[in-house]
Amino acid sequence: MAFDRNLPAHRDLEQTAKLFIKTHHESLQKINPVRLHVLCESLVQAGVSHIACDLLRKQIPKEDIWPSPLVQCYLLALENSHQLATLNTVLSEIDETFWDENIYRIAARKFELERKFDLAIEQMSLAIDLRPDSLALWHYSIYLHIRKVGKDNINSISAKMAEMPESIFEKSSDIGYQLLAQLIYINEFKRAEKHLLKWFVQNPEQEAKSFLNIAFSVSIHGIKDLPYSKELPEIGIFRGVRYSFEGQKCTQLLVGSTLNKNLYLLEHESELAKKLLTLNPQEESVFGLSDITLNEVEPPFLTAHKIALEVCLRDRSEKNIIYGFTISNDTNQAITTIENKMRRLSAADDDFLADHSFPLYFKGKQRDEFNSIKSALQLLTHEISFKPELPEFGYDTPETVIVDPYSISYLALTGLSQALFNKCKVVITHETRELVQIWLDHINNDDYFSIGLLPEGGIQKITAEDIRHQTSFIQDALKTFLSEAISLTPNTVDYPEMPLKFVEFLDLGCSSSMLLSIANDIPWLCIDPFFAGFHQHSQGISVNSKLLFAQLSQETSFEIRKRGIYSHVYTGLPFPITYSDTYQLALSSEDSDTILLSELLKKSPNVFQSTPEAVEVLHKIAVISLYHGFRDGQFKEGLRADGSPKNNGFVERVFFRCCYSVMQCKDGSSAEFKLALFLAHVRHSFYDLPKLTDIAYHLVARFILGHFLSLDEINRLLPSLCEQLEKEGGLLLKESLMGKQDNSDE
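Residues numbered from 1 in each chain as written. Predicted model: local features only at pLDDT ≥ 70, side-chain atom pairs only at ≥ 80, totals over all residues. Heavy atoms only, no water.

Generally speaking, soluble globular proteins have nonpolar side chains that are buried together. Ranked by internal contacts, the top residues of the largest apolar core, which has 116 residues, are Tyr361, Leu420, Ile621, Leu626 and Phe678. It is helix H30 (residues 611-631) that provides the largest number of residues to this core, a total of 10 residues. Ignoring any residue separated from it by four or fewer positions in sequence, one finds leucine 626 in contact with Phe635, Val651, Phe655, Phe686, Leu692, Ile695, Ala696 and Leu699. (Core = buried A, V, L, I, M, F, W, Y, C linked by side-chain atoms within 4.5 Å. Buried < 20%, exposed > 50% of the residue type's maximum accessible area, 1.4 Å probe, protein only. Helix = DSSP H or I, 4+ residues; strand = E, 2+ residues; numbered from the N terminus. Contact = heavy atoms within 4.5 Å.)

Right under this line is the structure:
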């Protein structure tokens, strides 16, 4: 009985089962064990193992347990629902002399989750002793061995895989393909080749996608110069041929007479095959009354790859992710075609990135769950990607935090990594550690090459040297996490039901972080408000990341903190920015900082709640910018509007942004009053600097004309506002102009 977890029927089943348990909880022990076994097997298959556990719990004795079918079903349900503490107890009460391969496998899984790989491998060896022909058991055993020794320990993996009997590859299967791919990764292509071809020729159309996946995987792993067999007569597969028959292109494998024939197979002893093998490449000939031309004779694996690609390209279903197109021999036309295809693909991707309805972490898994750091960086830096606000709830003062691929990427991008290590004990799961290393290995691969689209049109190529330079500060931060963060193993606990339902929506780094937080009672630094909130309501502890990042920002130098400000301005990444940050940008003599300040003011025009608040902050920014622009000689030959060759206009842009932001306050005041109050404060600050006052007046006049405001009304309001400022002492900023900064926060 199979269930789709997304169907309403699945939800109805779960709700009905829960209601049944609640209604009859006192009499569950009276259910017929045979019927209960059938019911619980169906519940386990339906993905609601936690309900099967509730139904079976009272049926299982506390000690001296015999592994009946009902007990075996209970063990499987406990494994699937991560009830590890209970599973450990039940296993300890079963005499090991009665264990079968299924119990050994379940015990191995428990040890794996506890990261006791030696014990897990030992259990799998005992399971395989009972069922040496089980592909599933060998697959899990090899997986555990790789987790223990690492994927790069080729000699150790090769020795382990040498123990596998060839009989387990009798029929094709998904896990069979995975094992054969692993053989190729450890340089044992010859052993994998015969099984891959044997499966392929049995049903080329059915096996095409799996065969192509192997080829793509080999390419991604950078494996080159494979030792293709010229032919494999022991399994009835000989050469591969590509030829034209009466102008029609044909690609076929030459096979023995015992194999089932189809469009892609040609009998090795047939007259046509014999004729083709006598020809040289590109040689024309006649076969009967038909014209034939041999294009190429090649190893059967290469021909199978071409046939598989041909089959997949003919598949027009929505589920087919393999797409092909023809490009011109003309270089310029080819580039144009590729660019157009990339833009269509990018447009479809942009819709997904901009969608507010999907949580950030869910989007990341959809993009690339096996390279989570890559996904996180793309989502956090793409200007179109929707970035939710940081969680404002959770633990305020954590002494220890668990970081995941997204919080790590955020900290690396904003420059706050070292401040976190200075403040807290940082924990990283083993799975996240591996994902960080995967990204670093990918970026630092000498063969790295990618292409992207330029906003103004055209294709941009990114070489290994380019990407290493662009990501140098991110790499430094990630390496700090690898060297300074500690990794912990989850405690053996019974996990609550709800978090396990969401594991499938998270990549391995995020899901392992969430589960470690629950098992070890450590706050999780999650930057996705949806999953942080869900975790908080599922017996977990989330960190108030907005508050924590604000604290870290204050403990980080301004030069480093500018990375976060830059990311906020140009990509929309949430980042705590203070008024002090804006003043420091205004004080800077760097043009890039002045531009950044201008864009920051443009991005947040409605940040102020009242005109007095806006004027108090914005007039300081304007005064500091004008003063330093004047001091640096930008206005010696006049304003940019007057044709000054030295004035680049950046300071003017900041001043105009201040004027615009002042007018955005929704407190009922007129635009003319707001601007007049702003100008009065600027004038008061420049009371003994008449040249700067004249510049400010000139800029405001230009702003008034450009925004269709009443110059007469502002001139009417200005004297009384200036007089009032004089009486009240005003806001003297002479010290601020010379470098003293206001530390008030936003």
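On we go from here.
Attention shifts here to the sheet that holds strand S4 (residues 284-287). Strand order in this open sheet of 5 strands is S3-S2-S1-S5-S4, and the pairing throughout is mixed. Only two strands of the sheet have a single neighbouring strand rather than two, namely strand S3 (265-267) and S4. When the angles between neighbouring strand axes are averaged without regard to direction, this sheet yields 45°. As judged from the 6 bridges shared by strand S1 (residues 237-245) and strand S5 (residues 290-298), these two strands associate in the antiparallel manner. By the bridge assignment, tyrosine 243 is partnered in S5 with leucine 294. (Pairing = 2+ DSSP bridges. Axes fitted to C-alpha atoms, helices over the stretch in contact; angles between N-to-C directions.)

Another point: empty space enclosed by the protein. In total, this model carries 2 cavities of 30 Å³ or more according to the counting rule given. Estimated volume of the largest cavity: approximately 90 Å³. Elements that contribute at least two residues to the lining of the largest cavity include exactly helix H29 (591-603) and H30. When its volume is computed, the second largest cavity comes out at roughly 40 Å³. Lining of the second largest cavity is provided by Leu360, Leu380, Lys387, Pro388, Leu390, Tyr410, Ile527, Leu573 and Pro574. The residue makeup of the lining of the second largest cavity, split by class, is 8 nonpolar, no polar and 1 charged. (1 Å grid on protein atoms, 1.4 Å probe; cavity = no way out; pocket = protein on both sides within 12 Å on 5 of 7 lines; lining within 4 Å. Points joined across faces, edges and corners; volume = space filled by probe spheres on them. Nonpolar A, V, L, I, M, F, W, Y, C, P; charged D, E, K, R; others polar.)

Turning next to the side chain of serine 545. For serine 545, the location among the structural elements is in helix H26 (residues 545-554). When neighbours within four sequence positions are excluded, serine 545 is seen to be in contact with Leu390, Pro391, Leu525, Cys526 and Ile527.

Turning next to helix H18 (residues 405-414). With 10 of 10 residues buried, H18 lies mostly within the body of the structure. Among the residues making up H18, those that are buried are Pro405, Tyr406, Ser407, Ile408, Ser409, Tyr410, Leu411, Ala412, Leu413 and Thr414. Of the residues flanking the start of H18, the one acting as N-cap is aspartate 404, its side-chain oxygen 2.8 Å from the backbone nitrogen of tyrosine 406. Just downstream of H18 lies glycine 415, where phi reads positive at about 80°. (Polar contact = N/O pair within 3.5 Å; in protein donor to acceptor, adjacent residues only side chain to side chain.)

Below, the discussion takes up the pattern of salt bridges. As enumerated under the stated definition, the model contains 31 salt bridges in all. For arginine 314, the salt bridge goes to glutamate 310, with nearest N and O atoms at 3.6 Å. Taken as a pair, arginine 314 and glutamate 310 lie in helix H14 (residues 300-314) at a separation of 4 residues, close to a single helical turn. For glutamate 310, a relative accessible area of 34% corresponds to the partly exposed category. Here aspartate 446 ties to arginine 468 by a salt bridge, and the two come within 3.7 Å at their closest N and O atoms. Taken together, the residues span a long stretch of sequence, with aspartate 446 in the loop between helix H20 (430-443) and strand S8 (449-453) and arginine 468 in helix H21 (residues 464-470) at a distance of 22 residues. Since its relative accessible area comes to 29%, arginine 468 is described here as partly exposed. Put simply, Arg109, Glu112, Arg115, Arg147 and Glu431 are held in one network by salt bridges that share partners. (Salt bridge = Lys/Arg side-chain N within 4 Å of Asp/Glu carboxyl O.)

Below, the discussion takes up helix H31 (residues 650-663). In a regular helix each residue adds 1.5 Å, so 14 residues correspond to 20 Å; H31 covers 21 Å between its end C-alpha atoms and thus fits that length. Of all 14 residues that make up H31, 10 are buried, and the element is covered over most of its length. Every buried residue of H31 is accounted for by Phe650, Val651, Glu652, Val654, Phe655, Cys658, Cys659, Ser661, Val662 and Met663. The inward-facing, buried residues of H31 abut H29, H30, helix H32 (671-685) and helix H33 (690-706). (Expected span 1.5 Å × (residues − 1).)

Confidence in the prediction of the chain, expressed as mean pLDDT, is 88, and 93% of residues score 70 or more. Here residues 731-746 is modelled with pLDDT under 50, and outside its nearest four sequence neighbours on either side it reaches 34 contacts, counting other chains as well. (pLDDT = per-residue confidence, 0-100.)

The next thing to look at is the environment of isoleucine 373. Of note, isoleucine 373 is situated in helix H17 (residues 372-381). Isoleucine 373 gets classed as buried once you look at its relative accessible area, which sits at 0%. Those residues within four positions of isoleucine 373 in sequence are excluded, and the remaining contacts are Pro405, Ser409, Leu435, Val436, Trp439 and Leu478.

Moving on, we get to the sheet that holds strand S10 (residues 524-525). Strand order across the open sheet formed by 3 strands is S7-S6-S10, with parallel pairing between neighbours. Here the strands that pair on one side only, and so sit at the sheet edges, are strand S7 (425-428) and S10. Relative to S7, strand S6 (residues 400-403) is paired through 4 bridges, and the arrangement is parallel. Bridge pairing links threonine 400 to lysine 425 in S7.

Turning next to a negative patch on the surface. Together, Glu63, Asp64, Asp95, Glu96 and Glu122 give the surface a local cluster of negative charge. Its place among the elements puts aspartate 64 in the loop between helix H3 (49-56) and helix H4 (69-80). (Patch = residues over 30% accessible without salt bridge, like charges linked within 9 Å, V, L, I, M, F, W, Y side chains within 5 Å. Areas by Shrake-Rupley, 256 points an atom, 1.4 Å probe, with all protein chains shown as cover. Lys, Arg positive; Asp, Glu negative; His and termini not counted. Charge placed at Lys NZ, Arg CZ, Asp CG, Glu CD.)

The next point concerns the packing of aromatic side chains. Enumeration over the complete set of coordinates arrives at 26 aromatic pairs. Ring centres of phenylalanine 189 and tyrosine 228 lie 5.5 Å apart, and the angle between their planes is 85°; on these two criteria the pair is classed as edge-to-face. Of this pair, phenylalanine 189 sits in helix H11 (residues 189-202) while tyrosine 228 sits in the loop between helix H12 (204-220) and S1; the two residues are 39 residues apart in sequence, bridging distant segments of the chain. Taking the relative accessible area as the measure of exposure, phenylalanine 189 reaches 2% and is therefore buried. Considering the side-chain rings of phenylalanine 502 and phenylalanine 505, the 5.8 Å spacing of their centres and the 55° angle between planes classify their relative orientation as tilted. What makes phenylalanine 505 partly exposed here is its relative accessible area of 31%. Members of the aromatic cluster, each reached through a chain of ring pairs, are Phe352, Phe358, Tyr361, Phe362, Tyr406, Phe502, Phe505, Trp524, Phe530, Phe531 and Phe534. Here the guanidinium or amino end of lysine 110 rests over the ring plane of phenylalanine 111, the centre of that ring lying 4.1 Å away. (Phe/Tyr/Trp six-rings, centres within 6.5 Å; stacked < 30°, edge-to-face > 60°. Lys NZ or Arg CZ within 6 Å of the ring centre and 35° of its normal.)

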